[in-house]
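Examination of the molecular architecture
Single-letter residue listing:
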There are 2 protein chains.
Amino acid sequence: MTPPGLTGRLREAVGDAGLVTDPGQLGGYLSDWRNAWSGAAAAVVRPGSTDEVAAVVRACGEEGIAVVPQGGNTGLCGGAVPDASGRQVVLSLDRMRRVRAVDPVNQTITVEAGVVLQAVQEAAAAEGCLFPLSLGSEGSCTIGGNLSTNAGGTGVLRYGTMRDLTLGLEVVLPDGRIWNGLRGLRKDNTGYDLKHLFIGAEGTLGVVTAAVLKLFPAVRSRATAWVALGSAQAAVDLFGIVRALCGDRLTGFEIMSRQSVDFVLRHGSGARDLFGAVHPWYVLVELSDTLPDAGLDGLLEAALAQAFERDVAADAVVAAGSAQVAALWGLREGISEAQNFEGPSLKHDVTVPVSSIPGFVERTDRALRAAVPGIRIVTYGHIGDGNLHYNLSRPVDSDDDAFRGRADELSRIVYDSTSSFDGSISAEHGLGQAKRDVIADYKDGYELELMRSIKELFDPRNLMNPGKVLPAR
Amino acid sequence: MTPPGLTGRLREAVGDAGLVTDPGQLGGYLSDWRNAWSGAAAAVVRPGSTDEVAAVVRACGEEGIAVVPQGGNTGLCGGAVPDASGRQVVLSLDRMRRVRAVDPVNQTITVEAGVVLQAVQEAAAAEGCLFPLSLGSEGSCTIGGNLSTNAGGTGVLRYGTMRDLTLGLEVVLPDGRIWNGLRGLRKDNTGYDLKHLFIGAEGTLGVVTAAVLKLFPAVRSRATAWVALGSAQAAVDLFGIVRALCGDRLTGFEIMSRQSVDFVLRHGSGARDLFGAVHPWYVLVELSDTLPDAGLDGLLEAALAQAFERDVAADAVVAAGSAQVAALWGLREGISEAQNFEGPSLKHDVTVPVSSIPGFVERTDRALRAAVPGIRIVTYGHIGDGNLHYNLSRPVDSDDDAFRGRADELSRIVYDSTSSFDGSISAEHGLGQAKRDVIADYKDGYELELMRSIKELFDPRNLMNPGKVLPAR
């Protein structure tokens, strides 16, 4: 049962404005945006300041109640959703939306955890700077969630993950104390770097309340190409050619299997095939530059000419104008939605070394087709990072439920193959609840033991987002 | 006293080849290269493999003997030098020099801790890649030391510190167990990121034995300019102009006070002043590109034209040919040595936000001149990272010992000023023994407490490089 004094103590901590009691509003805090995960809660609180976050954590600690930190609720692994007990408190950061400072000279921005990613991009742009993190949910995901899941997306190739973009953090620890590590320094070698423990910890070691993030010079020109390829090996070869020639200008390199593109062509409004022939793979290449007139189209054409010379590319087009650029990105970004029209999607988010991509795709596809003849494999992702979303649809004219029933078996095939190439079974989505237990089969036991000992050090009573990240013993 | 069985156990662990007994060789392991720090040791061992490192750590643990990991011994803070007790064991990684793998497609290199930095640069270059870490001691410092001190240098502006260049680690922990975290993945969100605890920990949490490092496309063209400026504010303004225009091409931005340049002109062989007039500040700007014919000279000239238009630059020259480039870098790199001719050098290595550089220099200079009229302030460093080496020489015709006697007082002035601008008192050199105690006055007490609790978790008996990094209680 919920301790009788809890609500009063929480009201004391956050005031009436910070306590969600309207049943119509509660639901949004108890499920993720896809309704893939849901739970119950003893209370939902929305503190308006770091001190209020600390007060909530202390109050819950004294009552022996667990806290579930929550950002924009767009995660894919259930990391921000409470369990079914109704004894946990959801701590939403959605009222902490202040951009505390922008320093264009130091190229930093200081923001609270509840600021929406797109708002950070816009605040940076208003000062002539770029905040490069970019992902599908950027209109609703928050910086606190981006930090807690070490978010990735399409810009990692050049700018790194959220971890790489972070200089400083402010965190409320499980004992309710506030660590002020909000430093805006590029170099600081004065002991252990604590911020990296909290980044990617999915709220299990504390509540991130604010961060100092890196900014970059604004991009003033872009070029985009769509390339047809005969194999995953050709895609990796193309990556090598473009990267060696264009260096840091290469800011996007996304791969899609023909199956992925087929689904978008079938279900996406206005999507159309660019080439007469059908090709097994496609890549979207993006170059960017800070110079307004950087000759990027010509450079991209030169890279593609090398690719044709070496028989790497089968066909290619450099986008002419922003409408075509949008159409190309639409083909890439429409995959996830289009796949929903074809029955259940079994989603995976894996990385292997870039050099292992061809062997990995070949081995994984073969094993999946042996298990389910006719399975439709929707492979796409950030191949420059070695990161593939290896999503599966049932064979045409087969049964949804029967396919769903084999989900664990098919995921095992993908994960076993990933592991055999020294890969990771979660590239950018985290573990949350979804992969909390399966990770035990793929991660070194000693590493898990070290993770557990850190968890026990910071949160000895297991009250900070329990049941996430760490496998049950 | 040294336990009587220790030598036998160590010989068992590393064999005769791994035990240093020749008194003529021992000295080099007991002092740093500058002879600024020295100690004694119960034994010096040079394991040839990760398993041998683990065996040494276990043997020492069972005998209750502390281990001091050591790389190229080029550190500036005494972090790799044993104490005076003669009861510690120096564990040198200098026999672990294998480049285990280079993967130009994945853009990674896997190296053992004892590989010299320059050898990593060369192994990368042999595959058409760049390993961008670059510092004065690159011919003798080792990757293990670079990792343990999170080394910086001149390439941080574009490529980040050693931490940013590391994808995976192999570490022997204080209990002698081996953590194999040698992953070559750009994205891996499967729990706490342990590698960042060991990077920059100066060997106090374990012995780094190998790492997977990031590579980059080879640079094929460069442009270099030398710019005279009227103030530190002008240098920061110039940084903003060049960075906004040139973006990622900006790979070096080094500042020098006139005093710094004066010392090099006086003592450096062949150094000469480039401009007729004397200017208070100089900046060395370097642009790089992966394209062989990238028009960088023209771009640099365009940036400088903007700087002249806005009255930011006083004078400037773009280097013509490699001899002039070498001469310009010689002016920058000759400072430290030249200063030695002018009496004792009191060295500091601090960072503040780039936007705070002008105020910081003004306030620090004023306080130093008030304390020691005529003091010669040799300010230089990586201003694009906010990192200044704020080194001090005594007034002309004053006494060396009297100046040395005021070292702590003058460092306090520099550190107090750094702290008042939210800076760090160690940007890239670490804490070692040198700053182990003074850090307690400048770092948040709660952060130190968290650091101590992590140290106790990993090394409860305090046998792994004790007396370094963490202040005495």
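Note that the coordinates shown come from a computational prediction; the quantities given were computed from them, not determined experimentally.

**Some words on the overall build of chain A**
- Looking only at helices and strands, chain A features 16 helices and 18 strands.
- Whereas a compact globule of 473 residues would reach a radius of gyration of roughly 23 Å, chain A reaches 23 Å, a difference of no more than 12%.
- Buried residues in chain A amount to 61% of all 473 residues.
- Here the contacts in chain A between residues at least 6 apart in sequence split such that 73% fall between residues at least 24 apart.
- Carbon and sulfur atoms form 48% of the exposed surface of chain A, whose accessible area is close to 16,600 Å².
- Each charge class in chain A was averaged separately, 44 positive and 57 negative side chains, and the resulting centres sit 3 Å apart.

**Considering the pairing of strand S5 (residues 99–103) of chain B**
Residues and elements named next belong to chain B.
- The sheet contact formed by S5 and strand S6 (residues 108–112) spans 4 bridges and is antiparallel. For Asp 103, the partnering residue across the bridge sits in S6 and is Thr 108.
- In textbook terms, the turn of a hairpin is the stretch between consecutive antiparallel strands, and for S5 and S6 this stretch comprises 4 residues, one of which, Gln 107, has a positive phi near 55°.

**Notes on the relation of the copies chain A and chain B**
- Once chain A is rotated about the relating axis by 180° and shifted along it by 0.0 Å, it coincides with chain B to within an RMSD of 0.0 Å. Here the symmetry operator amounts to a two-fold rotation axis.

**A look at the UniProt feature "domain: FAD-binding PCMH-type" (unreviewed entry) in chain A**
- Taking the UniProt record as the reference, the feature "domain: FAD-binding PCMH-type" (unreviewed entry) is found at residues 37–218 of chain A.
- Overall, residues 37–218 of chain A shows 20% helix and 24% strand. The separation of its end C-alpha atoms is 38 Å.

**Details of helix H8 (residues 232–246) of chain A**
Residues and elements named next belong to chain A.
- A rise of 1.5 Å per residue sets the reference length of H8, with its 15 residues, at 21 Å; its end C-alpha atoms lie 21 Å apart and thus fit the reference within 8%.
- Within H8, 11 of the 15 residues are buried, which leaves the element mostly enclosed by the surrounding structure.
- Of all the residues in H8, the buried ones are Ala 232, Ala 234, Ala 235, Val 236, Leu 238, Phe 239, Ile 241, Val 242, Arg 243, Leu 245 and Cys 246.
- Following H8 by one or two positions, Gly 247 has its phi on the positive side, about 55°.

**Observations regarding the state of the cysteines**
- In total, this model carries 0 disulfides over all chains according to the counting rule given.
- In this model Cys141(A) remains outside any disulfide bridge; the closest cysteine sulfur is found in Cys77(A), 15 Å from its own.
- Using a relative accessible area of 3% as the deciding quantity, one classes Cys141(A) as buried.
- Just so you know, Cys246(B) is unpaired, no disulfide at all, and the nearest cysteine sulfur is the one on Cys129(A), 15 Å from it.
- Classification of Cys246(B) as buried rests on a relative accessible area of 0%.

**Let's talk about the sheet that holds strand S12 (residues 221–229) of chain A**
All names here are of chain A.
- If you walk across this open sheet you meet the 7 strands as S15-S12-S14-S13-S17-S18-S16, and the pairing is antiparallel. Each edge of the open sheet carries a strand with a single partner, namely strand S15 (313–318) and strand S16 (349–351). Across this sheet, the average inter-strand angle for adjacent strands is 20°, counted without regard to direction.
- Strand direction decides the pairing type here: strand S13 (residues 250–257) and strand S17 (residues 376–382), joined by 2 bridges, are antiparallel. Bridge pairing in S17 places Met 256 opposite Tyr 380.
- Across the sheet, helix H9 (residues 258–267) is in contact with S12, S13, strand S14 (281–289), S17 and strand S18 (387–393); its angle to S17 comes to roughly 100°.
- Lying on the sheet, helix H13 (residues 357–371) is in contact with S14, S16, S17 and S18; it crosses S18 at an angle near 15°.

**Things to note about the pattern of salt bridges**
Residue and element names in this part refer to chain A.
- In this structure the tally under the stated criterion is 62 salt bridges over all chains.
- Residue Glu 342 is joined to Arg 376 by a salt bridge in which the shortest nitrogen-to-oxygen separation is 2.6 Å. Taken together, the positions of Glu 342 in the loop between helix H12 (335–339) and S16 and Arg 376 in strand S17 put the pair 34 residues apart, joining distant regions of the chain.
- On the basis of relative accessibility, which here comes to 8%, the residue Glu 342 falls in the buried class.

**As for the nonpolar core**
- Counting 203 residues, the largest nonpolar core has Phe131(A), Leu238(A), Phe131(B) and Leu238(B) as the members making the most contacts within it.
- Apart from the residues lying within four places of it in its own chain, the contact partners of Leu238(A) are Val227(A), Leu229(A), Phe253(A), Val283(A), Val285(A), Leu304(A), Ala307(A) and Val312(A).
- Counting residues in hydrophobic clusters, the runner-up holds 25 residues, among them Leu10(B), Leu91(B), Met96(B) and Met464(B).

About the cut-offs
Residues numbered from 1 in each chain as written. Chains lettered and ligands numbered in written order. Predicted model: local features only at pLDDT ≥ 70, side-chain atom pairs only at ≥ 80, totals over all residues. Heavy atoms only, no water. Helix = DSSP H or I, 4+ residues; strand = E, 2+ residues; numbered from the N terminus. Rg over C-alpha atoms; globule rule 2.2 N^0.38 Å. Buried < 20%, exposed > 50% of the residue type's maximum accessible area, 1.4 Å probe, protein only. Contact = heavy atoms within 4.5 Å. Areas by Shrake-Rupley, 256 points an atom, 1.4 Å probe, with all protein chains shown as cover. Lys, Arg positive; Asp, Glu negative; His and termini not counted. Charge placed at Lys NZ, Arg CZ, Asp CG, Glu CD. Pairing = 2+ DSSP bridges. Least-squares fit on C-alpha atoms with pLDDT ≥ 70 in both. UniProt positions renumbered as here; feature names shortened; annotations may be inferred. Expected span 1.5 Å × (residues − 1). Disulfide = S-S within 2.5 Å. Axes fitted to C-alpha atoms, helices over the stretch in contact; angles between N-to-C directions. Salt bridge = Lys/Arg side-chain N within 4 Å of Asp/Glu carboxyl O. Core = buried A, V, L, I, M, F, W, Y, C linked by side-chain atoms within 4.5 Å.

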